[in-house]
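Listed below are the residues making up each chain.
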Amino acid sequence: MHIDQETILIVDDDALNRAILENLFSTAYAIAEAEDGDEGIDKILALGDSLCAVLLDVVMPRMNGIEVLRRMKSLGLTDRIPFFLITASPDDDIVHQAYKLGVMDVISKPVVPYVVQRRVDSVMELFRARRELSAEVIRQQNQLLQQTKQLAQMSVGMVEALATAIEFRSDESGAHVRRIRDITCHLLRTTPLGAELTKEQIDLIGLASITHDVGKISISDAILNKPGRLTAEEFELMKTHTVKGAELLSQIPQMRNHSAYQYAYDIAMHHHERWDGRGYPHGLKGNETPIWTQIVALADVYDALVSKRCYKDAFQPSDAMDMIQRGQCGAFNPELLHHFKQAESTLIQFYTPTGGDNK
Amino acid sequence: METSKLQQLQQAGIDTQEALGRFMGNEALMLKFLLRFPQDPNHAKLLQAMEAGDASAAYAAAHTLKGVAGSLSIKPLFGQASAITEDLRSGHLTAAAEKLPALIQTYQSVLQAINAL
């Protein structure tokens with residue numbers, strides 16, 4: 001039963017009463033004493049969680065037991081430490097007040113040792129069990145959070161792998177989609193472009209950027225992996241991957257219910273629109289295309305330039321940046337181009353030898 | 001403790017066995033507080049307050065005296081002090097005054113028994 005450093009505080013102005021209670025509990029617990037309510041409160045605050053019970057007299061000079069209880073309740077301490085009222089005159093009014101203030105038991109004086117011990121012990125046992133239970137709940141909660149996080153990470157990994165498989169029909173790593181995600185999130189987090197978005201929204205947009213090319217699953221290998229230029233007819237087919245991707249996402253119920261869905265749908269549909277309105281599939285102009293989709297489109301172009309593809313070699317990052325800024329690779333929002341240029345030194349870091357597939 | 005002394009205390013109305021139980025069999029501790037009892041000021045305070053007709057001071061003294069008598073198992077004194085405490089709680093000075101002589105008598109015999117230890 002004895003647990004190290006568990007202390008019982010006895011608050012009573014009468015030395016005789018304190019001696020009797022001290023003698024009763026000192027074999028199993030450390031004992032602290034206070035001679036009035038004021039001193040009692042000081043000791044309770046000083047001893048804190050090492051207290052396992054407070055035995056409180058009612059009639060005391062300076063501050064009575066009921067007032068002590070009132071202050072302890074206002075500090076929330078009656079929920080954490082069991083308080084006992086030890087009183088010579090248990091009149092109904094005081095007992096009622098004491099219970100309302102969170103006292104666990106009212107014990108009458110003169111005390112009967114066996115009764116006091118049993119009643120105090122069982123309440124302390126209850127509090128101990130409660131503490132252990134709440135510690136266990138916290139432990140399990142942490143475990144659940146950890147597992148949820150692992151599951152979420154696994155889902156993202158699956159989506160990355162699937163998106164990559166669809167986009168390249170090869171066993172390449174998910175580095176391309178990861179970089180698009182990193183560039184998109186970086187620009188939204190660190191530039192005014194993302195000023196109106198919360199951290200959570202930006203994370204969702206990052207997730208949604210991964211599936212931008214999911215519609216390429218409907219494009220034949222002959223077109224997708226063609227080394228040379230596409231014919232006009234082939235290009236028309238290639239363009240359908242935007243609408244097809246959005247449709248595909250809308251047909252997966254789990255996707256439709258995901259908080260990233262609205263972003264994913266828009267990104268898949270509109271990541272080939274152009275600032276000048278000459279893009280596809282809808283010919284949206286300027287900011288008719290949401291800023292996050294504009295960013296994904298730019299990141300996609302940049303990443304394609306600095307990576308080796310079946311139809312081209314890799315460009316140097318600085319050359320790729322120049323080509324984009326000069327408008328050789330599409331028409332983009334001037335403000336976006338400005339922030340993109342500003343971020344160049346950070347963008348290059350996403351293409352470290354360990355993380356990139358730009359051989 | 002010697003049997004004769006125990007008997008003395010018991011004759012003065014002190015339930016020594018119950019008191020010893022309250023001190024978990026710690027006789028030295030019980031004796032320490034019994035021997036301290038004659039110096040307890042609450043009996044004198046009670047008489048003074050009753051003399052002065054101060055019901056609330058008398059109540060406080062009677063209440064404390066009752067507590068001490070109860071803790072030391074001085075049975076008749078505990079009973080009388082409780083009765084007077086109840087009278088004074090509701091402000092009945094006359095009723096309390098009527099019960100006072102019996103309490104004084106008990107107190108004297110308790111004091112004698114303790115002083116003889």
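That block above? That's the structure.
All values reported here derive from a predicted model rather than from experimental measurement.

Scoring rules and cut-offs
- Residues numbered from 1 in each chain as written.
- Chains lettered and ligands numbered in written order.
- Predicted model: local features only at pLDDT ≥ 70, side-chain atom pairs only at ≥ 80, totals over all residues.
- Heavy atoms only, no water.
- Pairing = 2+ DSSP bridges.
- Helix = DSSP H or I, 4+ residues; strand = E, 2+ residues; numbered from the N terminus.
- Axes fitted to C-alpha atoms, helices over the stretch in contact; angles between N-to-C directions.
- Contact = heavy atoms within 4.5 Å.
- Buried area = accessible area lost by both parts, 1.4 Å probe.
- Polar contact = N/O pair within 3.5 Å; in protein donor to acceptor, adjacent residues only side chain to side chain.

Another aspect to go through is the sheet that holds strand β1 (residues 7–11) of chain A. Residue and element names in this part refer to chain A. One open sheet accounts for five strands, arranged β2-β1-β3-β4-β5; its pairing is parallel. Bordering the open sheet on either side are β2 (30–34) and β5 (105–108), each of which pairs with just one other strand. Neighbour-to-neighbour, the strand axes of the sheet open up by a mean angle of 20 degrees, direction not taken into account. In this structure, strand β4 (residues 83–87) lies alongside β5, joined through four bridges in parallel fashion. Among the inter-strand pairings, T87 is bridged to a residue of β5, identified as S108.

If you look at the interface, chain A gives 16 residues, while chain B gives 16 residues. Across the chain A/chain B interface, buried area totals approximately 1400 Å², and carbon plus sulfur atoms make up 67% of it. For the chain A face of the interface with chain B, the top three residues by lost area are L16, N23 and P110 of chain A, together amounting to 38%. Here chain A is connected to chain B by five residue pairs in polar contact (both at pLDDT 80 or more). Sorting the residues of the side of chain A that touches chain B by element identifies α1 (15–25) and α5 (113–168) of chain A as the ones contributing at least two each.

This part covers the side chain of T7 of chain A. As for its placement among the helices and strands, T7 of chain A is situated in strand β1. When neighbours within four sequence positions are excluded, T7 of chain A is seen to be in contact with A30, I31, A32, L47, S50, L51, C52 and A53 of chain A.

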